[in-house]
Amino acid sequence: MNTIDLIIFVVFTLGVVLFGCSFYRRGSTASDFTAAGRSLPGWVVGMSIFATYVSSISYIGYPGKAFSSDWNAFVFSLSIPVASYFAAKYFVPFYRHGGSISAYTFLEEKFGRWARFYASACYLLTQIARMGSILYLLAMPMHILMGWDMVTVIIATSAAIIVYSMLGGVKAVIWADAVQGFILIGGALVCLSILLFSMPEGPGQVFELAAQAPEGNKFSLGSFGSDLTSSTFWVCLVYGIFINLQNYGIDQNYVQRYHAAKSDKDARFSALFGGYLFIPMSALFFLIGTALYSYYAAGVRPLPAEIQAKPDFIFPYFIVNSLPVGLRGLLIASIFAAGMSTVSTSVTSAATVIQTDYIRPLFGGSKNELATLRLTSLVVGILGSIVAILMLGVKSIIDAWWILSGIFSGGMLGLFFLGIMPRRISRHAAAIGVAVGITVIAWVSLAKAWSLPGPHLHEYLAIVLGTTAIFLVGFLLSLAFSNRKTMTRHG
């Protein structure tokens, strides 16, 4: 790695940490840490939502997926407008006027404390898995560039992120996200331009070679058939709708941002802006992956077999070996921007959930809740680092993350929908629904690996079927319990 590249990277990384730390204020309250005093403009919160969406999973995982297969995973992004619309119209006012910073307080009011603990536990598992995935992807380019040990990079990076997350709280995280968002957009655009204009026969050759690839059209969105055992267009679309509704509707990362906006109007704008901006940006990342395929297929540069066998390594390898001095540092910095923004978001939101959903209900209010929030931020960051180290042998991080997020979500979106129903849902019916939903998720996730009887559905359907089972079983059983009571009274 050239000295200039290293200077660019180090200056950027230290700059982000110092910028985040600059939001530290003596006399800050727990409310300042978790909601930024409801003072932030909509465009800043929207850029933060966008940067949280992107992460290193998109920055490295999407190009790797497009290189090795096609644009099937892009279908996930096409589902975002549905979730963004519901967020702006229903979720934002619901949470901003709900009185609690936690996304899960109302579940306790509807169904009892067990429901709050269940949903928040699912959220924490999902966030720790996400942090691990992203920290792994942050370490990868530095391993390829410098030969640095990935475990060391994971620990050092997580330590830097934890520091400014602990000191500045959600205000530091959101402002840092906004700045990082611009950097990662610029880095991706520069990289695509270099790929397109490096082709021997001009930019059009990227599309020609990709469309004529021996394994099929690289721009394909997947099969439009009804097969539920593979990642078809419809399986990806339905998976995306459920995951994105869950993100916008019951994910503490997003709920906390709704609270941080200075007005309802700004909060609604941020939900739409962040979601819609991600759609063209995810297309950009997939196009980078497709261009990488054509770049190496045209023989512009050789691609070692060991790198080709690991799709997640393709983009970092191109950055190291094909970009000019200075741009390498910029691109690595933009990958770090994507990852640091998402990890810092997970740290602060997970700390908020632990404080509001576990420590406060079980042990009562603390005299120094801010210190407790900072301590839990440290613990969450350490757990994320451990998961990242355990992921070092994963072949495709985007596949691993999508499957884990579907499993760990536990179908809690179904419980959320039961909670917002106009009709009162029985607590017992909701609990039985959750038990059935967990069973369905476990069966879909493990059927193929354990050779269980019955159809082996695609793992992406775990969240779809689990969420649906929780909602339908809870709703129908509540109706049955209500009808039985009515018949008993009239009998």
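Refer to the preceding data block for the structure.
A brief report on the enclosed structure follows. (Residues numbered from 1 in each chain as written. Predicted model: local features only at pLDDT ≥ 70, side-chain atom pairs only at ≥ 80, totals over all residues. Heavy atoms only, no water.)

Looking at helix H14 (residues 314–322)
At step 1: Counting buried positions over the nine residues of H14 gives eight, a clear majority of the element.
At step 2: Among the residues of H14, those classed as buried are Ile314, Phe315, Pro316, Tyr317, Phe318, Ile319, Val320 and Ser322. (Buried < 20%, exposed > 50% of the residue type's maximum accessible area, 1.4 Å probe, protein only. Helix = DSSP H or I, 4+ residues; strand = E, 2+ residues; numbered from the N terminus.)

Focus on the nonpolar core
At step 1: Tyr248, Tyr258 and Phe318 are the most contacted members of the largest nonpolar core, which totals 146 residues.
At step 2: Broken down by element, the residue count for this core peaks at 17 residues, all from helix H8 (residues 150–196).
At step 3: Formed by five residues, the second largest nonpolar core is a distinct cluster that contains Ala30, Phe33, Leu370 and Leu373. (Core = buried A, V, L, I, M, F, W, Y, C linked by side-chain atoms within 4.5 Å.)

Notes on the packing of helix H5 (residues 80–96) against helix H11 (residues 252–260)
For any two helices packed against each other, one specifies the crossing angle of their axes together with the interaxial distance.
At step 1: One can describe the packing of H5 onto H11 by two numbers: an axis separation of 9 Å at closest approach and a directional angle of 75°. By the angle between their directions, the pair H5 and H11 is classed as roughly perpendicular. Of H11, the residues touching H5 (which contributes Ala87, Phe91, Val92, Tyr95 and Arg96) are Val255, Tyr258 and His259.
At step 2: A per-class count over the contact of H5 with H11 returns six nonpolar, one polar and one charged. (Axes fitted to C-alpha atoms, helices over the stretch in contact; angles between N-to-C directions. Parallel < 35°, antiparallel > 145°, perpendicular 65-115°, else oblique. Contact = heavy atoms within 4.5 Å. Nonpolar A, V, L, I, M, F, W, Y, C, P; charged D, E, K, R; others polar.)

Digging into a nonpolar patch on the surface
At step 1: Together, Leu375, Leu378, Val379, Ile382, Leu383, Ile386 and Leu390 give the surface a local cluster of nonpolar side chains, amounting to about 640 Å² of exposed area.
At step 2: Structurally, Val379 can be placed in helix H16 (residues 369–390).
At step 3: A residue is classified by how much of its surface remains accessible, and Val379, at 43% relative accessible area, is partly exposed. (Patch = residues over 30% accessible without salt bridge, like charges linked within 9 Å, V, L, I, M, F, W, Y side chains within 5 Å. Areas by Shrake-Rupley, 256 points an atom, 1.4 Å probe, with all protein chains shown as cover. Salt bridge = Lys/Arg side-chain N within 4 Å of Asp/Glu carboxyl O.)

A few points about the environment of Tyr248
At step 1: Mapped onto the elements of the fold, Tyr248 is located in helix H10 (residues 233–250).
At step 2: In the structure, Tyr248 is positioned 156 residues away from Val92 in sequence and 8.9 Å away in space, judged by C-alpha atoms.
At step 3: The contacts of Tyr248, once residues within four sequence positions are left out, are Ile49, Tyr53, Ala83, Ser84, Ala87, Phe91, Tyr254, Tyr258, Ala271, Gly274 and Gly275.
At step 4: A distance of 3.4 Å separates the side chain of Tyr248 from the side chain of Ser84, its partner in a polar contact.
At step 5: Side-chain polar atoms of Tyr248 contact the backbone nitrogen of Gly275, separated by 3.2 Å. (Polar contact = N/O pair within 3.5 Å; in protein donor to acceptor, adjacent residues only side chain to side chain.)

Regarding the pattern of salt bridges
At step 1: Taken as a whole and judged by the stated rule, the model has eight salt bridges.
At step 2: Asp264 is the partner of Arg96 in a salt bridge, and the nearest nitrogen-oxygen pair spans 2.6 Å. Here Asp264 lies in helix H12 (residues 264–297) and Arg96 lies in helix H5, a separation of 168 residues in the sequence.
At step 3: We note a salt bridge from Lys218 to Glu215, for which the minimum N-O separation is 3.2 Å.
At step 4: Given a relative accessible area of 0%, Lys218 falls into the buried group.
At step 5: Here the salt bridges do not stand alone but share partners, grouping Glu108, Arg113, Arg116 and Asp357 into one network.

As for the packing of aromatic side chains
At step 1: Applying the stated rule across the entire model yields 31 aromatic pairs.
At step 2: Ring geometry for Phe94 and Phe416: centres 6.2 Å apart, planes at 90°, overall edge-to-face. You can see Phe94 sitting in helix H5 and its partner Phe416 sitting in helix H18 (residues 412–419), a full 322 residues away along the chain.
At step 3: For Phe94, a relative accessible area of 34% translates into the label partly exposed.
At step 4: On the basis of relative accessibility, which here comes to 1%, the residue Phe416 falls in the buried class.
At step 5: With a centroid separation of 5.2 Å and an interplanar angle of 90°, the aromatic rings of Tyr295 and Phe318 are classed as edge-to-face. Taken together, the positions of Tyr295 in helix H12 and Phe318 in helix H14 put the pair 23 residues apart, joining distant regions of the chain. (Phe/Tyr/Trp six-rings, centres within 6.5 Å; stacked < 30°, edge-to-face > 60°.)

As for the packing of H8 against H16
At step 1: Their axes nearest at 9 Å, the elements H8 and H16 cross at an angle of 160°. Taken as axis vectors, H8 and H16 run roughly antiparallel relative to one another. With respect to the hand of their crossing, H8 and H16 are arranged in right-handed fashion. Residues Val151, Ile154, Ser158, Ile162, Met166 and Leu167 of H8 pack against Arg374, Ser377, Leu378, Gly381, Ile382, Ser385, Ala388 and Ile389 of H16.
At step 2: Per-class residue counts for the contact of H8 with H16 are nine nonpolar, four polar and one charged. (Left-handed = near helix turned anticlockwise from the far one by under 90°.)

Let's talk about the environment of Ile128
At step 1: Mapped onto the fold, Ile128 is located in helix H7 (residues 113–146).
At step 2: Ignoring any residue separated from it by four or fewer positions in sequence, one finds Ile128 in contact with Leu383, Gly384 and Val387.

Considering the side chain of Asp357
At step 1: Checked against the element boundaries, Asp357 lands in helix H15 (residues 327–363).
At step 2: One polar contact links Asp357 to Arg116, side chain to side chain, over a distance of 2.7 Å.
At step 3: For Asp357, the contacting residues outside a window of four places in its chain are Ser102, Tyr104, Thr105, Arg116, Phe117 and Ser120.

Fair warning: the whole summary comes from geometry, so function is off the table for now.
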